[in-house]
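Take a look at the letters that make up each chain.
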Amino acid sequence: MSTVERKPWAAAETEVLVRSMMRAPSVHNIQPWLLEIEPDELRVLERAEPALPHHDPDGRDRAASCGAAVANLELAVRILGRAVEIEFLPDAREPELVARIAVGAESPSATEELRRYGAIDRRASHRAPFEGVAVPAPVVHKLVDAGGAPGVEARLVRPGREVAVVARLLHFAAEHFRTDSGYQRELSLWTIRDEGSHRHGVGLPASRVPAGSVPWAGLVHRATEVPETAELERRLAGETLLVFVTADDARADHVRAGYALERAWLAAVDLGLAAAVLTQPLHLEPVRSALCEDLGLTGFPQALLRIGYAAEADPLSPRRAEREVLHGGPDPAGHPSGR
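Peer 1: Help me out: how do you make sense of the overall build of the chain in this one?
Peer 2: In terms of regular secondary structure, the chain is built from 10 helices and 10 strands. With the principal axes as the frame, the chain shows a C-alpha extent of 60 × 45 × 40 Å. Looking at the chain alone, contacts between residues at least 24 apart form 76% of all its contacts between residues at least 6 apart. For the chain, the accessible surface area stands at approximately 14,300 Å², while carbon and sulfur atoms represent 52% of it. Mean positive and mean negative side-chain charge positions of the chain (39 and 49 charges, respectively) differ by 3 Å.

Peer 1: Could you clarify how one ought to interpret the environment of Leu241 in this entry?
Peer 2: Considering the arrangement of structural elements, one finds Leu241 in strand S8 (residues 240-246). Exposure remark for Leu241: the relative accessible area of 2% places this residue in the buried category. Distance in space between the C-alpha atoms of Leu241 and Leu156 is 6.0 Å, their sequence separation being 85 residues.

Peer 1: Help me understand the sheet that holds strand S4 (residues 97-106) in this model?
Peer 2: Whenever strands of a sheet pair, they do so through backbone hydrogen bonds, lying parallel or antiparallel. Pairing in this open sheet of four strands is antiparallel, and the strands run S1-S2-S4-S3 from one edge to the other. Bordering the open sheet on either side are strand S1 (33-38) and strand S3 (82-88), each of which pairs with just one other strand. For this sheet, the mean angle separating the axes of adjacent strands, direction not counted, is 20°. Bridge analysis of strand S2 (residues 41-46) against S4 gives five bridges, and the strand direction is antiparallel.

Peer 1: Quick question: what am I supposed to make of the packing of helix H5 (residues 161-178) against helix H9 (residues 285-295) here?
Peer 2: Each packed pair of helices is defined by two parameters, the angle between the axes and the distance between the axes. Two elements in contact, H5 and H9, have axes whose closest approach is 10 Å; the angle formed by their N-to-C orientations is 170°. Between H5 and H9, the interaxial angle falls into the category roughly antiparallel. Only Pro286, Val287, Ala290, Leu291, Asp294 and Leu295 of H9 make contact with H5, whose side of the interface consists of Arg161, Glu162, Val165, Val166, Arg168, Leu169, Phe172 and Ala173. A per-class count over the contact of H5 with H9 returns 10 nonpolar, no polar and four charged.

Peer 1: What's the story with the packing of aromatic side chains in this structure? I'm lost.
Peer 2: How two aromatic rings sit relative to each other is given by the distance of their centres and the angle of their planes. For the structure on display, the rule yields two aromatic pairs. The lysine or arginine in question, Arg123, covers the ring of Trp265, its NZ or CZ lying 4.6 Å from the ring centre.

Peer 1: What should I look at first to understand the confidence of the model for the chain in this one?
Peer 2: For any part of a model where pLDDT is low, the fine detail of the predicted coordinates should not be relied upon. Confidence in the prediction for the chain averages 91 pLDDT; 92% of positions are at 70 or higher. Between residues 329-339, whose pLDDT stays under 50, and residues either more than four places distant or in other chains, the model counts 22 contacts.

Peer 1: What is the right way to read the pairing of strand S10 (residues 300-308) from this model?
Peer 2: For a regular strand, side chains alternate in direction, first toward one face of the sheet and then toward the other. Where burial is concerned, most of S10 is hidden: eight out of the nine residues are buried. Of the pairings in the sheet, the one linking S8 to S10 comprises seven bridges and is antiparallel in character. Bridging across to S10, Phe244 finds its partner in Ala303. Pairing between strand S9 (residues 274-278) and S10: five bridges, direction antiparallel. Bridging from a neighbouring strand, Val277 pairs with Leu305 of S10.

Peer 1: Sorry if this is basic, but what is going on with the nonpolar core here?
Peer 2: Burial of nonpolar side chains together is a common tendency in soluble globular proteins. With 56 residues, the main nonpolar core has Leu42, Phe244 and Leu305 as its most contacted residues. Not counting residues within four places of it along the chain, the set of residues in contact with Phe244 comprises Gly147, Val152, Glu153, Ala154, Ala260, Leu261, Ala264, Phe300, Pro301, Gln302, Ala303 and Leu305. Core analysis: the next-biggest nonpolar cluster, separate from the first, contains 31 residues, Val157, Ala167, Ala173 and Leu241 among them.

Peer 1: Is there a simple way to think about the sheet that holds S9 in this case?
Peer 2: The antiparallel open sheet is built from four strands, whose spatial order is S5-S8-S10-S9. One side of each edge strand has no neighbouring strand; the edge strands of this open sheet are strand S5 (152-156) and S9. Taking the axes of each pair of neighbouring strands and ignoring which way they run, one obtains an average angle of 25° across the sheet. Of the strands in this sheet, S5, S8, S9 and S10 are in contact with helix H8 (residues 251-270), which crosses S10 at around 10°. Where H9 meets the sheet, its contacts fall on S5, S8 and S10, and the angle it forms with S10 comes to roughly 75°.

About the cut-offs
- Residues numbered from 1 in each chain as written.
- Predicted model: local features only at pLDDT ≥ 70, side-chain atom pairs only at ≥ 80, totals over all residues.
- Heavy atoms only, no water.
- Helix = DSSP H or I, 4+ residues; strand = E, 2+ residues; numbered from the N terminus.
- Contact = heavy atoms within 4.5 Å.
- Areas by Shrake-Rupley, 256 points an atom, 1.4 Å probe, with all protein chains shown as cover.
- Lys, Arg positive; Asp, Glu negative; His and termini not counted.
- Charge placed at Lys NZ, Arg CZ, Asp CG, Glu CD.
- Buried < 20%, exposed > 50% of the residue type's maximum accessible area, 1.4 Å probe, protein only.
- Pairing = 2+ DSSP bridges.
- Axes fitted to C-alpha atoms, helices over the stretch in contact; angles between N-to-C directions.
- Parallel < 35°, antiparallel > 145°, perpendicular 65-115°, else oblique.
- Nonpolar A, V, L, I, M, F, W, Y, C, P; charged D, E, K, R; others polar.
- Phe/Tyr/Trp six-rings, centres within 6.5 Å; stacked < 30°, edge-to-face > 60°.
- Lys NZ or Arg CZ within 6 Å of the ring centre and 35° of its normal.
- pLDDT = per-residue confidence, 0-100.
- Core = buried A, V, L, I, M, F, W, Y, C linked by side-chain atoms within 4.5 Å.

Written out as structure tokens, the structure reads:
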């Protein structure tokens, strides 16, 4: 797409762009992105720090988090009435450059884009049981379609045998991470325990990650209850599960997976649903391999998205200050309290 010469973004437009990016989901809420804004182009960069060597040693979740931010930015540009074209990892000489978003001529936004943009501020991880009401098949089809992107397939985990497979693998992964001392230290490090006075904007509020029970707790703490496989299967059977599968397993695939996942998540919120993502188990190679083999996947599983109806809205996680997101602004350490 050829861009057109444009005037600099107005202050209100810049705020729309930055705030949309800030509300994207990220691993451990580290928000590993920076934004460069030019009149005809947006550039999303991945921060060199912070890192999660125990949870995310290969940086898959960091890259996916940046991909999710790109999905939000795309919607922001569209509701500002501009055409948009995305190029992922456009320059090998700039490995930190995740995406270049070319901004084109005036182009009215569609009603669906407006609705999904409105879902950005309502999207949050649901760390509790769903209501037990089945998601209608036509709605599931819409979510699958929304989660499709070049090189990425959003695939339903089918009831019965496939849900049983996922339950078995989640049980295995939960038992592993619950006793992994390095992982538990890192998770504790990124847990915010002084929420009333916390000023860093990154990390996981303790009130949002109670010990809880699998799969609702999401991240597994030492005190997290891991039910027997049969009970875990029963719980998962009352939810809708999507698995996001990429054609390859390179960094570009991880970025695209995050982009596709966020598109599906926003579509779910727009349709009155809640969701939560699971990537932690897929960092264990036996889990990834078994999921591929037992579900007959033709690529690499990058994430699971649990979807259902929630009785009430979920609280939002803290965010960095806007000046920290714009490239060239202050570069604070970004470490949560207690580090």
